[in-house]
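# Survey of secondary and tertiary structure
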Amino acid sequence: MISFFSPYRHDLVRIAACVPQMDVANPGFNGERTLELLRQGHQERIALMVFPELGLSAYSIDDLFHQDALLESVEEAVSRLVDDSTDLFPAFVVGVPLRSRGRLYNAAIVIHAGRILGVVPKAYLPNYREFYERRHFAPGAEVRGQDITVAGVQVPLGIDLLFRSTGSCPFTFHVEICEDMWVPHPPSTAAALAGAEILLNLSASNITIGKAEDRRLLCGSQSMRCIAAYAYSAAGPGESTTDLAWDGHGGIFEDGLRLAETERFPAGSTMAVADVDLGRLRQERMRRVTFRDCGDVLKITPGDFRIVDLSVDAPEEELPLRRPVERFPYVPSDPGKLSENCYEAYNIQVQGLAKRLQATRTEKVVIGVSGGLDSTQALLVCCRAMDKLGLPRTNILAYTLPGFATSEGTKGNAWTLMRALGASASEIDIRPAARQMLSDMRHPFAEGSPSTTSRSKTCRQVCGPITCSGSLTTTGASLSARATCPSWGWAGARTASGTRCPTTTSTHRSRKR
């Protein structure tokens, strides 16, 4: 029985983007560093791990790729990884140069529980600027339906492979390599439309100024377009710096959100780990109907891919969540994002109110101002809407409505605010009307008895109908009538973005003559 306090119990899967320490043209050393991270992943109960492009040989070895001794050493390192991973939990993908039918491929090998599952060649080989991969490798964009023998075992070879876990931790993943993500139509797009939920990219991307942000943009946008999790690994410490530099930039993205990222320019092995929410992704794919429509138009079906099964069973023990969770929902901790969200929320309200006033040919609004935060925000929105429409702020008929619990300080704040903003300010004491209503209701309070109801309930029943009966929520998405009590700062309206509207305003219908 999977523990309730495990991410795996709630449709989350733990994945990792790994950056091992490596040594140029030393597959034995590189295999050991890979195995160290695999053992760490086993301890942390990571289900799926991706390693860098050509990680067992190193990327920056130039013509050594054609040396038989190196290629044979790589296959030996693969055999050791297969043998040593028999009792390890993670499925993992490593990058290797592999020979097949007289060609050399820049390839990814998928391994789980001591078994090679398949080999995916790099589809698109860059041959521009600092890259000249066509000198060494054959492109894999047309490789489909083939087989290859690796470590004495015949396994599927091609870009048409999807890997599907059929155990108690079900998920489907696809593999592509570095440049495949940079082309207009990445192989992972078709894979996602065919059912892949996790997209893995083995990369050896070198670093130039500004390139890290390009990677984030590409990984984030691909994960959003494909409604998928995207894990990206890159070459790091140990690659040759004769011509290039390496920053070991790995990251994990989910539907556009960056969940985890490695420390860049690390001194040793590192990895980014995150729990990706496959339940959320599956829901989003059903909700965004154009996702499936796109697959239908492109005529992409699961039948276009060969399915390779593996069995990953969710660990039963309690596990901590490895995923960022904002302390305050809908309030980003990033200052730049918070500022942008606030700007948008404020202007959504301003635009909505201004448009409503134009559509109803109304030049005045009526608003209750309590002196609290909610009505302050609403009054600011009214002021900006008037400015936007070229109307005087005196067209805002602002009332403070002191009730039973209104303090002099709060009322003073309301008056100061209304005067400072240039609104037409007035005061209506609602206590006499409230007493009359309580008397008509034969409420014990009207006869001098201590109130047996809560203060908020009494105010909701009495003050609300008095102050805002039939008011129009001009800033709400539905523009529905709703009774609120400005004196208490209640506000049930919502903005077009789904966020809570600070308060309710009522329009004063002063038609143009």
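Residues numbered from 1 in each chain as written. Predicted model: local features only at pLDDT ≥ 70, side-chain atom pairs only at ≥ 80, totals over all residues. Heavy atoms only, no water.

Counting secondary structure elements, the protein chain contains eleven helices and 19 strands. Looking at the protein chain as a whole, 51% of its 513 residues are labelled buried. Residue pairs at least 24 apart in sequence account for 70% of intrachain contacts in the protein chain once pairs closer than 6 positions are excluded. For the protein chain, the exposed area adds up to about 23500 Å²; of that, 50% sits on carbon and sulfur atoms. (Helix = DSSP H or I, 4+ residues; strand = E, 2+ residues; numbered from the N terminus. Buried < 20%, exposed > 50% of the residue type's maximum accessible area, 1.4 Å probe, protein only. Contact = heavy atoms within 4.5 Å. Areas by Shrake-Rupley, 256 points an atom, 1.4 Å probe, with all protein chains shown as cover.)

Okay, the nonpolar core next. Membership of the largest hydrophobic core comes to 61 residues, with the highest contact counts inside it found for Val-13, Phe-163, Phe-171, Phe-173, Val-175 and Ile-198. Ignoring anything within four residues of it in the chain, the contact list for Phe-173 reads Leu-48, Val-93, Val-110, Leu-162, Phe-163, Ala-196, Ile-198, Leu-200 and Leu-310. (Core = buried A, V, L, I, M, F, W, Y, C linked by side-chain atoms within 4.5 Å.)

Here Asn-30 is to be found in helix 1 (residues 27-43). Asn-30 sits in the buried class, given a relative accessible area of 1%. Here the side chain of Asn-30 touches Leu-56 through a polar contact of 3.0 Å, landing on its backbone oxygen. Excluding anything up to four places from it in sequence, Asn-30 contacts Gln-21, Met-22, Asp-23, Gly-55, Leu-56, Ser-57 and Ala-58. (Polar contact = N/O pair within 3.5 Å; in protein donor to acceptor, adjacent residues only side chain to side chain.)

Moving on: the packing of helix 7 (residues 335-359) against helix 8 (residues 373-389). Axis separation between helix 7 and helix 8 bottoms out at 9 Å; the angle between their running directions is 55°. For the element pair helix 7 / helix 8, the angle class is oblique. Helix 8 is crossed by helix 7, and the crossing has right-handed handedness. Across the interface between the two elements, Tyr-346, Gln-349, Val-350, Leu-353, Ala-354, Leu-357 and Gln-358 from helix 7 touch Gln-377, Leu-380, Val-381, Cys-382, Arg-384, Ala-385, Met-386, Lys-388 and Leu-389 from helix 8. Residue composition of the contact of helix 7 with helix 8, by class: eleven nonpolar, three polar and two charged. (Axes fitted to C-alpha atoms, helices over the stretch in contact; angles between N-to-C directions. Parallel < 35°, antiparallel > 145°, perpendicular 65-115°, else oblique. Left-handed = near helix turned anticlockwise from the far one by under 90°. Nonpolar A, V, L, I, M, F, W, Y, C, P; charged D, E, K, R; others polar.)

Aromatic ring pairs are reported here in terms of the distance separating the ring centres and the angle at which the planes meet. Summed over the entire model, instances satisfying the criterion amount to eight aromatic pairs. An angle of 85° between the planes, with centres 6.4 Å apart, marks the rings of Tyr-8 and Phe-89 as edge-to-face. Here Tyr-8 is found in the segment before strand 1 (12-19), whereas its partner Phe-89 is found in the loop between helix 2 (68-84) and strand 3 (91-100), with 81 residues between them in sequence. Of the two residues, Tyr-8 and Phe-89, neither departs from the other in class, the shared state being buried. Note on Phe-171 and Phe-173: the rings are 6.1 Å apart at their centroids and 35° apart in plane angle, and the pair reads as tilted. An identical accessibility class is assigned to Phe-171 and Phe-173; each is buried. Taken together, the ring pairs connect Phe-163, Phe-171 and Phe-173 into an aromatic cluster. Over the ring of Phe-29 we find Arg-33; its NZ or CZ atom is 4.5 Å from the centre of that ring. One residue, Arg-45, lies across the ring of Phe-89, its end atom 4.7 Å from the ring centre. (Phe/Tyr/Trp six-rings, centres within 6.5 Å; stacked < 30°, edge-to-face > 60°. Lys NZ or Arg CZ within 6 Å of the ring centre and 35° of its normal.)

With that settled, consider the confidence of the model for the protein chain. Confidence in the prediction of the protein chain, expressed as mean pLDDT, is 88, and 88% of residues score 70 or more. Low confidence marks residues 468-513, where pLDDT is under 50. Its contacts with residues over four positions away, or in another chain, come to 124 contacts. (pLDDT = per-residue confidence, 0-100.)

As a further point, take the pattern of salt bridges. Counting across every chain of the model gives 27 salt bridges. The closest approach of N and O atoms between Glu-261 and Arg-216, which form a salt bridge, is 2.8 Å. In this pair, Glu-261 sits in strand 13 (residues 257-261) while Arg-216 sits in helix 4 (residues 211-225), placing the two residues 45 residues apart along the sequence. Looking at Arg-216, the relative accessible area reads 16%, which means it is buried. (Salt bridge = Lys/Arg side-chain N within 4 Å of Asp/Glu carboxyl O.)

Let us look at a nonpolar patch on the surface. A contiguous nonpolar surface patch, about 440 Å² in accessible area, is contributed by Phe-328, Tyr-330, Val-331 and Leu-338. Among the structural elements, Phe-328 can be located in the loop between strand 15 (306-310) and helix 7. In this structure Phe-328 comes out as partly exposed when scored by relative accessible area, which is 46%. (Patch = residues over 30% accessible without salt bridge, like charges linked within 9 Å, V, L, I, M, F, W, Y side chains within 5 Å.)

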